[in-house]
Structures are given as structure tokens and as C-alpha cells.
Amino acid sequence: SFGNNLYGMMTGLWNFYDTDDDDKVQTQLIDGEIPFIDPRYRERSFADRTLVDLMKRCWVYDPAERISIFEAVDVLKKAVEDNGKEEGVREKE
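Residues numbered from 1 in each chain as written. Predicted model: local features only at pLDDT ≥ 70, side-chain atom pairs only at ≥ 80, totals over all residues. Heavy atoms only, no water.

## Some points on the pattern of salt bridges
Inclusion rule: Any Lys or Arg side-chain nitrogen found within 4 Å of a carboxyl oxygen on Asp or Glu counts as a salt bridge.
Enumeration according to the criterion identifies 4 salt bridges in this entry. For the salt bridge of R40 with D38, the shortest nitrogen-to-oxygen distance reads 2.5 Å.

In C-alpha cells:
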């Protein structure tokens, strides 16, 4: 999923990096588990926080509730806009 790609780019790790057992990973997913995300990512920056939130939305088990790729692109576009506004505020200070 797109969330897995974001996870890899952000952490440099494969999701569920602690096992090579595909059956175990499938069971974890069916049980509603998501990969571990270090909570410090939420505190590091606006971009990291946005990506963590987006990953979690991509990993929703029920496809009817999961974000679509089009919605994910919209989230990223809005994040770029919002980050630009935040940068502008910091530059004025």
C-alpha cells in the first residue's frame, strides 16, 4: 500500500521489520495491527506528523473506510500548502 511506501521512505525500514514470516505478518494485519511508528516522528516536524497521520489512514483495514490514493494526494497537496504558510510565518518572525 501507499502507507507502506511512506513508512519505508520515512524510516528506512520495511514495515513489520521484526519478522520475515509472511504468514505472521498476514495474521497481524488481519488482527488489525499496524507497523510500529516511533512516537517521536509525530514531534519532529509538521511533515513527519502529516506523513504519520497519512500512513495510518492508508492502513485502515476496511477498504470502505480506507483513504483512496486520490484523497492521499489531496492530503499531501494541502500539507505542502500549509507547510509553505508555516514557513512564511517563521520567516516574518
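## Details of unusual backbone geometry
Selection rule: Only protein chains enter the area calculation, which uses a 1.4 Å probe; residues under 20% of their type maximum are buried, those over 50% are exposed, and those in between are partly exposed.
The residue F16 is not glycine, and still its phi comes out positive at about 55°. A relative accessible area of 7% places F16 in the buried class.

## Digging into the packing of aromatic side chains
This is how it is decided: Classification of ring pairs uses Phe, Tyr and Trp, with its six-membered ring standing for Trp, and accepts pairs whose centres are within 6.5 Å; under 30 degrees between planes counts as stacked, over 60 as edge-to-face, and the remaining range as tilted. Helix numbering and strand numbering both begin at the N terminus, where a helix is a DSSP run of H or I of at least 4 residues and a strand a DSSP run of E of at least 2.
Enumeration according to the criterion identifies 1 aromatic pair in this entry. Ring geometry for Y7 and W59: centres 5.8 Å apart, planes at 55°, overall tilted. Here Y7, found in helix α1 (residues 2-11), pairs with W59, found in the loop between α4 (46-58) and α5 (69-92); they are 52 residues apart in sequence, far enough to count as distant. By relative accessible area, Y7 is classed as buried at 1%. We classify W59 as buried; its relative accessible area is 13%.

## Points about the side chain of T19
Defined as follows: In this description, contact between two residues means that some pair of their heavy atoms is separated by no more than 4.5 Å.
Looking at the element boundaries, T19 is found in the loop between α1 and α2 (22-30). Residue class for T19 comes out buried when judged on its relative accessible area of 14%. The residues touching T19, leaving out its near neighbours within four places in the chain, are K24, V25 and Q28.

## Thoughts on the packing of α1 against α4
For any two helices packed against each other, the geometry comes down to the angle between their axes and how far apart the axes lie. Definition in use: Structural elements are reduced to axes, namely lines fitted to C-alpha atoms, with helices fitted over the stretch in contact, and the angle between N-to-C directions of any two is expressed from 0 to 180 degrees. Left-handed describes a crossing in which the near helix is turned anticlockwise from the far one by less than a right angle; the clockwise case is right-handed.
At a minimum axis distance of 8 Å, the contact between α1 and α4 shows a crossing angle of 150°. Helix-helix and strand crossings are classified by hand; for α1 and α4 the assignment is left-handed. Where α1 abuts α4, its residues F2, G3, L6, Y7 and M10 lie against D48, L51, V52, L54, M55 and C58.

## Describing the environment of D53
Applied cut-off: N or O atoms closer than or at 3.5 Å make up a polar contact, with two conditions inside protein: a donor-capable atom paired with an acceptor-capable one, and, for residues adjacent in sequence, both atoms drawn from side chains.
Looking at where D53 falls in the secondary structure, it is placed in helix α4. What makes D53 partly exposed here is its relative accessible area of 31%. The sequence separation of D53 and Q28 amounts to 25 residues, and the corresponding C-alpha distance is 20 Å. In this structure the side chain of D53 is engaged in a polar contact, spanning 2.5 Å, whose partner is the side chain of R42.

## Things to note about α2
For α2, the capping residue at the N-terminal end is D21, with a side-chain oxygen 3.0 Å from the backbone nitrogen of D23. Just downstream of α2 lies G32, where phi reads positive at about 90°.

No statement about biological role is implied by the geometric values presented.
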